[in-house]
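Chain and residue survey
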Amino acid sequence: MFGGWTAAVALRAVWDEADTEAAPSALTVNFVGKVEPGSDVLIRTRRVGGGRSVGYWQSELTVDEVTLATASVVLTERRDTDGHLEITMPDAPDPATLEVTYPAPGPCGERAVVRPVVGLPPHNRESTYSTSWVRETSGRSVDHLQLAFLADHRAPRSFFWSEGPRPSSTITLSVYFHATDEELAQVGDDDLLSEAFGTRGAQSTSEEHLRLWSRQGALLATSVQMAWFR
(Lines give C-alpha, C1' and ligand atoms only; values in the text may rest on other atoms or scores of the structure.)
Protein backbone atom coordinates (compact mmCIF):
# COMPACT_ATOMS: atom_id res chain seq x y z
CA MET A 1 0.00 0.00 0.00
CA PHE A 2 1.00 3.61 -0.58
CA GLY A 3 3.38 4.79 2.18
CA GLY A 4 1.25 7.82 3.04
CA TRP A 5 -1.70 5.50 3.75
CA THR A 6 0.38 3.46 6.20
CA ALA A 7 1.54 6.65 7.95
CA ALA A 8 -2.01 7.98 8.21
CA VAL A 9 -3.57 4.81 9.67
CA ALA A 10 -0.71 4.41 12.18
CA LEU A 11 -1.32 7.98 13.34
CA ARG A 12 -5.10 7.49 13.41
CA ALA A 13 -4.79 4.46 15.70
CA VAL A 14 -2.71 6.39 18.24
CA TRP A 15 -4.86 9.52 18.08
CA ASP A 16 -8.04 7.49 18.67
CA GLU A 17 -6.50 5.57 21.57
CA ALA A 18 -5.06 8.71 23.20
CA ASP A 19 -8.52 10.34 23.46
CA THR A 20 -7.03 13.75 24.21
CA GLU A 21 -7.20 17.34 23.05
CA ALA A 22 -3.46 17.17 22.26
CA ALA A 23 -2.56 17.38 18.59
CA PRO A 24 0.08 15.43 16.65
CA SER A 25 3.43 17.21 16.49
CA ALA A 26 5.67 14.47 15.10
CA LEU A 27 5.25 11.12 13.38
CA THR A 28 7.97 8.67 12.30
CA VAL A 29 7.10 5.49 10.42
CA ASN A 30 9.49 2.65 9.59
CA PHE A 31 8.28 0.58 6.65
CA VAL A 32 9.27 -3.01 7.39
CA GLY A 33 7.24 -4.72 4.69
CA LYS A 34 4.58 -4.13 2.07
CA VAL A 35 0.91 -3.98 3.07
CA GLU A 36 -1.00 -5.72 0.29
CA PRO A 37 -4.32 -4.17 -0.76
CA GLY A 38 -7.24 -5.99 0.85
CA SER A 39 -5.25 -7.19 3.86
CA ASP A 40 -6.80 -7.40 7.33
CA VAL A 41 -4.57 -5.05 9.31
CA LEU A 42 -4.14 -5.06 13.09
CA ILE A 43 -2.60 -2.00 14.77
CA ARG A 44 -1.44 -2.17 18.39
CA THR A 45 -0.73 1.07 20.25
CA ARG A 46 0.80 1.95 23.61
CA ARG A 47 1.73 5.10 25.47
CA VAL A 48 5.45 5.15 26.17
CA GLY A 49 5.50 8.11 28.52
CA GLY A 50 5.32 11.87 28.82
CA GLY A 51 3.48 14.39 30.94
CA ARG A 52 0.49 16.73 30.72
CA SER A 53 1.87 18.71 27.78
CA VAL A 54 3.69 16.05 25.74
CA GLY A 55 2.79 12.41 25.18
CA TYR A 56 4.94 9.76 23.49
CA TRP A 57 3.27 6.82 21.75
CA GLN A 58 4.20 3.82 19.65
CA SER A 59 2.15 1.78 17.22
CA GLU A 60 2.79 -1.44 15.32
CA LEU A 61 0.98 -2.49 12.16
CA THR A 62 0.76 -6.23 11.56
CA VAL A 63 -0.86 -8.62 9.09
CA ASP A 64 -1.19 -12.25 10.21
CA GLU A 65 1.10 -11.41 13.17
CA VAL A 66 3.87 -10.24 10.83
CA THR A 67 5.11 -6.70 11.56
CA LEU A 68 4.91 -4.54 8.42
CA ALA A 69 5.36 -1.07 9.94
CA THR A 70 6.24 0.56 13.25
CA ALA A 71 5.56 4.15 14.20
CA SER A 72 6.33 6.66 16.94
CA VAL A 73 3.97 9.58 17.55
CA VAL A 74 4.37 12.68 19.69
CA LEU A 75 1.20 14.47 20.82
CA THR A 76 1.45 17.94 22.34
CA GLU A 77 -0.86 20.46 23.96
CA ARG A 78 -0.74 23.45 21.63
CA ARG A 79 -0.70 26.92 23.22
CA ASP A 80 -0.44 30.39 21.71
CA THR A 81 3.17 31.61 21.82
CA ASP A 82 5.55 33.81 19.88
CA GLY A 83 7.45 32.17 17.01
CA HIS A 84 9.33 32.53 13.74
CA LEU A 85 9.23 31.42 10.11
CA GLU A 86 12.43 31.56 8.05
CA ILE A 87 11.14 30.27 4.71
CA THR A 88 8.43 31.45 2.32
CA MET A 89 6.00 29.66 0.08
CA PRO A 90 7.21 29.43 -3.54
CA ASP A 91 5.20 31.10 -6.27
CA ALA A 92 2.74 28.82 -8.05
CA PRO A 93 -0.14 29.38 -10.49
CA ASP A 94 -3.71 28.65 -9.45
CA PRO A 95 -4.20 24.86 -9.45
CA ALA A 96 -7.39 25.22 -11.51
CA THR A 97 -5.24 26.41 -14.43
CA LEU A 98 -3.09 23.24 -14.41
CA GLU A 99 -3.79 19.76 -15.73
CA VAL A 100 -3.54 16.56 -13.69
CA THR A 101 -0.60 14.94 -15.45
CA TYR A 102 1.24 12.86 -12.88
CA PRO A 103 -1.06 10.75 -10.68
CA ALA A 104 0.62 8.36 -8.25
CA PRO A 105 0.29 4.62 -8.93
CA GLY A 106 -1.61 2.15 -6.77
CA PRO A 107 -5.06 1.99 -5.14
CA CYS A 108 -4.27 4.57 -2.44
CA GLY A 109 -2.09 6.77 -4.62
CA GLU A 110 -5.10 7.24 -6.87
CA ARG A 111 -7.01 8.83 -3.99
CA ALA A 112 -5.17 12.09 -4.63
CA VAL A 113 -4.58 14.25 -7.68
CA VAL A 114 -1.31 15.98 -8.55
CA ARG A 115 -1.02 19.16 -10.62
CA PRO A 116 2.68 19.70 -11.47
CA VAL A 117 4.19 23.19 -11.31
CA VAL A 118 7.98 22.72 -11.42
CA GLY A 119 10.21 19.67 -11.91
CA LEU A 120 7.87 17.17 -13.52
CA PRO A 121 8.14 14.79 -15.29
CA PRO A 122 11.01 13.83 -12.97
CA HIS A 123 13.64 12.46 -15.31
CA ASN A 124 17.06 13.61 -16.61
CA ARG A 125 17.11 16.69 -14.39
CA GLU A 126 20.05 18.49 -12.84
CA SER A 127 18.00 19.33 -9.73
CA THR A 128 15.69 17.19 -7.59
CA TYR A 129 13.56 20.23 -6.66
CA SER A 130 9.87 20.13 -7.54
CA THR A 131 6.58 21.78 -6.66
CA SER A 132 3.06 20.58 -7.34
CA TRP A 133 -0.47 21.07 -6.08
CA VAL A 134 -1.84 17.94 -4.37
CA ARG A 135 -5.32 17.15 -3.17
CA GLU A 136 -7.01 14.14 -1.59
CA THR A 137 -10.14 13.38 -3.58
CA SER A 138 -12.64 12.22 -0.92
CA GLY A 139 -13.78 15.76 -0.08
CA ARG A 140 -12.72 15.25 3.53
CA SER A 141 -11.36 18.41 5.14
CA VAL A 142 -7.59 18.49 5.57
CA ASP A 143 -6.41 17.48 9.03
CA HIS A 144 -3.29 15.85 10.47
CA LEU A 145 -4.23 12.50 8.91
CA GLN A 146 -4.52 14.08 5.46
CA LEU A 147 -1.16 15.79 5.95
CA ALA A 148 0.48 12.47 6.84
CA PHE A 149 -1.11 10.84 3.78
CA LEU A 150 0.04 13.59 1.40
CA ALA A 151 3.57 13.74 2.86
CA ASP A 152 4.53 10.71 0.77
CA HIS A 153 2.58 11.65 -2.36
CA ARG A 154 5.39 12.49 -4.76
CA ALA A 155 7.95 10.93 -7.07
CA PRO A 156 11.11 9.50 -5.45
CA ARG A 157 14.04 11.87 -5.88
CA SER A 158 16.08 9.05 -7.46
CA PHE A 159 13.85 9.42 -10.53
CA PHE A 160 15.16 12.96 -11.06
CA TRP A 161 18.78 12.10 -11.87
CA SER A 162 17.75 9.00 -13.82
CA GLU A 163 16.55 8.46 -17.37
CA GLY A 164 13.25 7.01 -16.12
CA PRO A 165 11.51 5.26 -13.21
CA ARG A 166 13.54 2.81 -11.15
CA PRO A 167 12.80 0.52 -8.19
CA SER A 168 12.39 2.62 -5.04
CA SER A 169 10.75 2.30 -1.64
CA THR A 170 10.53 4.40 1.52
CA ILE A 171 12.59 3.07 4.43
CA THR A 172 11.54 5.62 7.03
CA LEU A 173 9.35 8.72 6.94
CA SER A 174 9.03 11.51 9.50
CA VAL A 175 6.33 14.18 9.41
CA TYR A 176 6.34 17.31 11.57
CA PHE A 177 3.02 19.10 11.98
CA HIS A 178 2.98 22.90 12.20
CA ALA A 179 -0.60 23.82 11.21
CA THR A 180 -2.87 25.60 13.66
CA ASP A 181 -6.57 24.76 13.91
CA GLU A 182 -7.39 28.07 12.26
CA GLU A 183 -5.06 27.37 9.32
CA LEU A 184 -6.58 23.92 8.77
CA ALA A 185 -10.08 25.43 8.88
CA GLN A 186 -9.04 27.89 6.16
CA VAL A 187 -7.85 25.04 3.95
CA GLY A 188 -11.00 22.93 4.06
CA ASP A 189 -10.50 20.28 1.35
CA ASP A 190 -8.49 22.62 -0.89
CA ASP A 191 -5.25 21.86 -2.77
CA LEU A 192 -1.92 22.03 -0.92
CA LEU A 193 1.37 23.06 -2.49
CA SER A 194 3.91 20.24 -2.14
CA GLU A 195 7.53 21.46 -2.28
CA ALA A 196 10.10 18.64 -2.38
CA PHE A 197 13.87 18.39 -2.75
CA GLY A 198 16.66 15.91 -2.10
CA THR A 199 19.91 16.37 -0.19
CA ARG A 200 22.00 13.40 -1.31
CA GLY A 201 21.49 10.04 -2.97
CA ALA A 202 24.29 7.48 -2.81
CA GLN A 203 24.88 3.78 -2.13
CA SER A 204 21.22 2.89 -2.74
CA THR A 205 19.73 5.42 -0.29
CA SER A 206 18.37 8.93 -0.83
CA GLU A 207 17.41 11.59 1.73
CA GLU A 208 14.41 13.66 0.69
CA HIS A 209 12.61 16.68 2.21
CA LEU A 210 9.08 18.00 1.80
CA ARG A 211 7.09 21.11 2.74
CA LEU A 212 3.30 21.32 2.53
CA TRP A 213 1.83 24.82 2.13
CA SER A 214 -1.75 26.05 2.16
CA ARG A 215 -2.99 28.30 -0.62
CA GLN A 216 -3.01 31.08 2.02
CA GLY A 217 0.78 30.70 2.47
CA ALA A 218 0.80 28.82 5.79
CA LEU A 219 3.45 26.13 6.29
CA LEU A 220 1.28 23.22 7.44
CA ALA A 221 3.80 20.36 7.68
CA THR A 222 7.36 19.36 6.83
CA SER A 223 8.72 15.89 6.19
CA VAL A 224 12.00 14.02 5.87
CA GLN A 225 12.34 10.53 4.50
CA MET A 226 15.08 8.07 3.64
CA ALA A 227 14.32 6.03 0.53
CA TRP A 228 16.00 2.94 -0.90
CA PHE A 229 16.61 2.74 -4.64
CA ARG A 230 18.28 0.40 -7.09
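Our subject is the structure listed above.
Our subject in this report is the structure included herewith. For clarity, every value in this text was computed on a predicted model and none was experimentally measured. (Residues numbered from 1 in each chain as written. Predicted model: local features only at pLDDT ≥ 70, side-chain atom pairs only at ≥ 80, totals over all residues. Heavy atoms only, no water.)

Observations regarding the overall build of the chain
Helix and strand counts for the chain stand at 3 helices and 10 strands. For 230 residues, the compact-globule estimate of 2.2 N^0.38 gives 17 Å, and the chain sits close to it at 17 Å. Dimensions of the chain along its principal axes, counting C-alpha atoms only, are 50 × 45 × 30 Å. The buried share of the chain, taken over its 230 residues, is 45%. In the chain, the share of contacts with a sequence separation of at least 24, taken over all contacts with a separation of at least 6, comes to 65%. (Helix = DSSP H or I, 4+ residues; strand = E, 2+ residues; numbered from the N terminus. Rg over C-alpha atoms; globule rule 2.2 N^0.38 Å. Buried < 20%, exposed > 50% of the residue type's maximum accessible area, 1.4 Å probe, protein only. Contact = heavy atoms within 4.5 Å.)

Quick notes on the nonpolar core
Judged by nonpolar contacts, the single largest core of 44 residues is most densely connected at Leu27, Leu147 and Leu192. Considering each element in turn, this core owes the most residues, 7 residues, to helix H1 (residues 3-18). Among all residues touching Leu192, those that are not within four sequence positions of it are Ser132, Trp133, Val134, Val142, Leu147, Leu150, Val187, Trp213, Ser214 and Leu220. Formed by 5 residues, the second largest nonpolar core is a distinct cluster that contains Leu98, Trp133, Leu193 and Leu219. (Core = buried A, V, L, I, M, F, W, Y, C linked by side-chain atoms within 4.5 Å.)

Considerations on the pattern of salt bridges
Tallied over the entire structure, the rule returns 10 salt bridges. For Arg12, the salt bridge goes to Asp16, with nearest N and O atoms at 2.9 Å. Placement of both Arg12 and Asp16 in helix H1 is noted, with a separation of 4 residues, approximately one turn of the helix. You can call Asp16 partly exposed: its relative accessible area is 48%. Two residues, Arg44 and Glu65, come together in a salt bridge whose shortest N-O distance is 3.2 Å. Here Glu65 lies in the loop between strand S3 (54-63) and strand S4 (66-76) and Arg44 lies in strand S2 (residues 42-50), a separation of 21 residues in the sequence. Glu65 gets classed as exposed once you look at its relative accessible area, which sits at 59%. Several salt bridges share partner residues, and in doing so they unite Asp94, Asp190 and Arg215 into one network. (Salt bridge = Lys/Arg side-chain N within 4 Å of Asp/Glu carboxyl O.)

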